[in-house]
Structures are given as structure tokens and as C-alpha cells.
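Here's the letter readout for the chains.
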Amino acid sequence: MRLGLLDMIGLAASLIFAIPLGNYAVFRLLDGEVALGGGLLVVAVAMVVLPQYFLDPAQILRRLLSGLLPSRLRGDDAAAPETEDDSPSLAVGSDSDDR
């Protein structure tokens, strides 16, 4: 995964809050508070992982706009008509007339 400048700034901002929370979670785990420590550790990991892998704002915007545009204005893959269907097609001048 290649990160741009804004992605690196976002990752740094997430880590600023996630590292102290993870540190506190580890101390709670070592003190025997498994539920609190485990829960906070999950939250700290989610603070870093979710924005990087699942909540990409550019991808969400791209999907939203492509859903709003007519099919002719979307990308090549969405505008191409599907030709692979199982329905029989008759060619002009074919000998398949059963009259």
C-alpha cells in the first residue's frame, strides 16, 4: 500500500491517539483487568486499521458518484453491455426458422 502525504498525516494523527490508548490497555491487561484491557486494545487497533483499510474517503466518494451518474458516463467497465447471456439469438438469414 502506497501512502501519499495526506495519508501519512492521517496515519500520524491516528497514531497520536492510538498509542497512548494501547499503552494504557496493555497496563490494564498486566494488572489483571482483561475485559477493560482487551476492549481498549481492540479500540486502539481499530483507530489505526479502519481508516487505512476500510474507510478510504476517496473510494467512498468515487462509489457514491458512480452510483449517481448514468451508465453512459461511468467507467468503461460499467458502461459495457453484458453480451454473455444464455438466451438464444437468431441471426438474420439463419436457417433456424421452425414454421
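Calculation criteria
Residues numbered from 1 in each chain as written. Predicted model: local features only at pLDDT ≥ 70, side-chain atom pairs only at ≥ 80, totals over all residues. Heavy atoms only, no water. Helix = DSSP H or I, 4+ residues; strand = E, 2+ residues; numbered from the N terminus. Contact = heavy atoms within 4.5 Å. Areas by Shrake-Rupley, 256 points an atom, 1.4 Å probe, with all protein chains shown as cover. Patch = residues over 30% accessible without salt bridge, like charges linked within 9 Å, V, L, I, M, F, W, Y side chains within 5 Å. Salt bridge = Lys/Arg side-chain N within 4 Å of Asp/Glu carboxyl O. Expected span 1.5 Å × (residues − 1). Buried < 20%, exposed > 50% of the residue type's maximum accessible area, 1.4 Å probe, protein only. Bend = angle between axes of the 7 residues up to and from the residue.

Colleague: Lay out the overall build of the protein with the relevant residues and their values.
Modeller: Counting secondary structure elements, the protein contains 4 helices and 0 strands. Secondary structure elements of the protein, listed N to C terminal, follow the sequence α-α-α-α. In the protein, 44% of the contacts between residues at least 6 apart in sequence involve partners at least 24 apart. Carbon and sulfur atoms make up 63% of the accessible area of the protein, which totals about 8600 Å².

Colleague: Describe a nonpolar patch on the surface, and please don't skip the residues or the numbers.
Modeller: A surface patch of nonpolar side chains, amounting to about 1000 Å² of accessible area, comprises Val 26, Phe 27, Leu 29, Leu 30, Val 34, Leu 41, Val 45, Val 49, Leu 50, Tyr 53 and Phe 54. Where the nonpolar patch is concerned, the elements lending two or more residues are α1 (5–30) and α2 (34–54). Broken down by element, the nonpolar patch gets its largest block of residues, 7 residues, from α2. Along the chain, the position of Leu 41 falls in helix α2.

Colleague: Tell me what's going on with α1, and back it up with residues and numbers.
Modeller: Its 26 residues place the ends of α1 37 Å apart at the C-alpha level, agreeing with the 38 Å of an ideal helix rising 1.5 Å per residue. Residues Leu 11, Ser 14, Ala 18, Gly 22, Ala 25 and Arg 28 constitute the buried set of α1. Residues of α1 that are buried sit in contact with α2. In the stretch just after α1, Gly 32 is the one whose phi turns positive, near 100°.

Colleague: An account of the environment of Phe 27 is needed here, citing residue identities and associated values.
Modeller: In this structure, Phe 27 sits in helix α1. Judged by relative accessible area, which is 46%, Phe 27 ranks as partly exposed. Considering only alpha carbons, one finds Phe 27 and Gly 37, 10 residues apart in sequence, at a separation of 7.4 Å.

Colleague: Give me α2: which residues, what numbers.
Modeller: Taken as a whole, α2 carries its principal kink of about 30° at Ala 46. All of the buried residues along α2 are Gly 37, Leu 40, Ala 44, Val 48 and Gln 52. Check the buried side of α2 and you find it contacts α1.

Colleague: Summarise the side chain of Ser 14; cite the residues concerned and give the values.
Modeller: Relative to the helices and strands, Ser 14 resides in helix α1. With residues near it in sequence (within four places) discarded, Ser 14 still touches Met 47, Val 48 and Pro 51.

Colleague: Outline the pattern of salt bridges, listing residues and values.
Modeller: Within this structure, the stated rule accounts for 2 salt bridges. A salt bridge links Arg 28 to Asp 31; its shortest N-O distance comes to 3.0 Å. Residues Arg 28 and Glu 33 are paired through a salt bridge, measuring 3.2 Å at the closest nitrogen-oxygen approach. On the basis of relative accessibility, which here comes to 18%, the residue Arg 28 falls in the buried class. Looking at Glu 33, the relative accessible area reads 35%, which means it is partly exposed.

What is shown is where atoms sit, not what they do.
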